[in-house]
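# Remarks on the overall topology
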Amino acid sequence: MSNRLAVILIVLVFPLSAVAQKSITDFSLKNVTNDQTISLSSMKDKKAVVVVFTSNYCPYAKLYEDRLIGLYSAYEDQNVGFVLVNPNHPETSPEDAEAMMIKRAKEKSYPFAYLSDKDQAVAKLFDARKTPEAFVLRPTTTGFQVLYQGAIDDNPQSSGEVRNYHLKDALNLAIAGKKPAESYQRPTGCMIRGN
C-alpha cells in the first residue's frame, strides 16, 4: 500500500516541478489577422510573455475572451507580450479554420495576435492539452522559462465570482522578477482537437 501511495505522490508532484523547469527556445506561427509570421524570439525584450491556447468552438474559451482582452489592456503599458494560439485542426474542428479565426478576431476586436497552430507543433512544445490553457514565460539568455501553466482563474462560468486569479497573479510575479509559488493550476476547458 505504501508503494502505491509513493507512486501516486510522484505522479502528482512531477508535473508541478516539470513546469518550473520547462523552457521554450522559440516558435514561429502565422498571425491570421494580418497574415504575418510571429516568433516567440521577437518578444525577448519583454518582461514577460503570456501565451494562451484557445479556440473558437470551446464554450470555456469563449467565456474567457473578454477577460483576456481586459487582462491585455491592464498590462498593455507594462512591456508584456501577449498572444493567443489556436491549436485545433480545421478538419476535426471546422469552427477553428483560419477564416473563422479571422472572423472571431474581428468580432471581438482582439488587440493581440491570434496564431494558427493547426498541426499542434507549438501545443506539443508547450505540452498544452486544453483550450483555454495559459502560460506565463520569462525571457532568459537561452530562450523562455515557463513560470506558470494552467487555468486563467478559478471560475470559468462567472467572472464576478472569481476568487483566485491564477494567470494575473503569476504575471504580476513575473513582472516583478519573481516566480509564482504554484507553477501549475489544472485548466478547465476542452481537449485540443488534432487531425
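One numbering rule holds for all chains: residues counted from 1, following each sequence as written. Confidence filtering applies because this is a predicted model: local features only for residues at pLDDT of at least 70, side-chain atom pairs given and counted only at 80 or more, and all residues used for totals across whole chains, interfaces and linings. Side-chain metrics in this entry use all non-hydrogen atoms of the structure; hydrogen atoms and water are not considered.

### Remarks on the nonpolar core
- Definition used in this section: a nonpolar core is a set of buried Ala, Val, Leu, Ile, Met, Phe, Trp, Tyr and Cys residues joined via side-chain atoms within 4.5 Å. Throughout this description, buried means an accessible area under 20% of the type-specific maximum (1.4 Å probe, protein chains only), exposed means over 50%, and partly exposed covers the range between. Formed by 29 residues in total, the largest nonpolar core has its most connected members in Val 52, Leu 68, Phe 82, Leu 84, Phe 112, Leu 167 and Leu 171.
- Ranked by residue count, the leading element in this core is helix 2 (residues 59-75), at 6 residues.
- Should any heavy atoms of two residues lie within 4.5 Å, those residues are counted as being in contact. Those residues in contact with Leu 171 that lie beyond four places of it in its chain are Ala 48, Val 50, Tyr 75, Val 80 and Val 136. To qualify as a helix, a DSSP run of H or I must reach at least 4 residues; to qualify as a strand, a run of E must reach at least 2; elements of each kind are numbered from the N terminus.

### Quick look at unusual backbone geometry
- In the segment running from Thr 131 into Pro 132, the intervening peptide bond is cis, with an omega of 0°.
- With respect to the secondary-structure elements, Pro 132 resides in the loop between strand 7 (130-131) and strand 8 (133-139).
- Positive phi values are uncommon outside glycine, yet Asp 35 reaches one of about 65°.
- Note that Asp 35 resides in the loop between strand 2 (28-31) and strand 3 (36-39).

### A few points about helix 2
- Residue count minus one, scaled by 1.5 Å, sets the expected span of a helix. The terminal C-alpha atoms of helix 2, which comprises 17 residues, lie 25 Å apart, in line with the 24 Å expected from a rise of 1.5 Å per residue.
- Within the sequence span of helix 2, burial applies to Ala 61, Tyr 64, Glu 65, Arg 67, Leu 68, Ile 69, Leu 71, Tyr 72 and Tyr 75.
- Check the buried side of helix 2 and you find it contacts strand 4 (48-53), strand 5 (80-86), helix 3 (98-108) and helix 5 (166-175).

### Description of the confidence of the model for the protein
- Confidence in the prediction for the protein averages 91 pLDDT; 89% of positions are at 70 or higher.
- Below a pLDDT of 50 lies the segment residues 1-18, which in the model reaches 3 contacts outside its immediate sequence neighbourhood of four places, other chains included. A residue's pLDDT is the confidence the predictor assigns to it, expressed on a 0 to 100 scale.

### Considering the environment of Ala 128
- Checked against the element boundaries, Ala 128 lands in the loop between helix 4 (121-126) and strand 7.
- Ala 128 sits in the buried class, given a relative accessible area of 10%.
- Through-space distance from the C-alpha of Ala 128 to that of Phe 53 is 7.3 Å; in sequence the pair is 75 residues apart.

### Concerning the packing of helix 2 against helix 5
- Taken N-terminus to C-terminus, the directions of helix 2 and helix 5 make an angle of 20°; their axes are 12 Å apart at the nearest point. Considering the angle they form, helix 2 stands roughly parallel to helix 5. Along this stretch, helix 2 crosses helix 5, giving a crossing that reads as right-handed. In this structure, helix 2 uses Leu 68, Leu 71 and Tyr 75 to contact helix 5, whose residues at the interface are Leu 167, Lys 168, Leu 171, Asn 172 and Ile 175.
- Class assignment of the residues belonging to the contact of helix 2 with helix 5 gives a composition of 6 nonpolar, 1 polar and 1 charged. The axes used here are C-alpha line fits, helices contributing only the stretch in contact, and every angle between their N-to-C directions lies in the interval 0 to 180 degrees. If an angle is under 35 degrees, it is roughly parallel; if it is over 145, roughly antiparallel; if it lies from 65 to 115, roughly perpendicular; otherwise it is oblique. Handedness of each helix crossing follows the sense of rotation of the near helix against the far helix: counterclockwise by less than a right angle gives left-handed, clockwise gives right-handed. Basically, the charged four are Asp, Glu, Lys and Arg, the nonpolar ten are Ala, Val, Leu, Ile, Met, Phe, Trp, Tyr, Cys and Pro, and anything else, Gly included, counts as polar.

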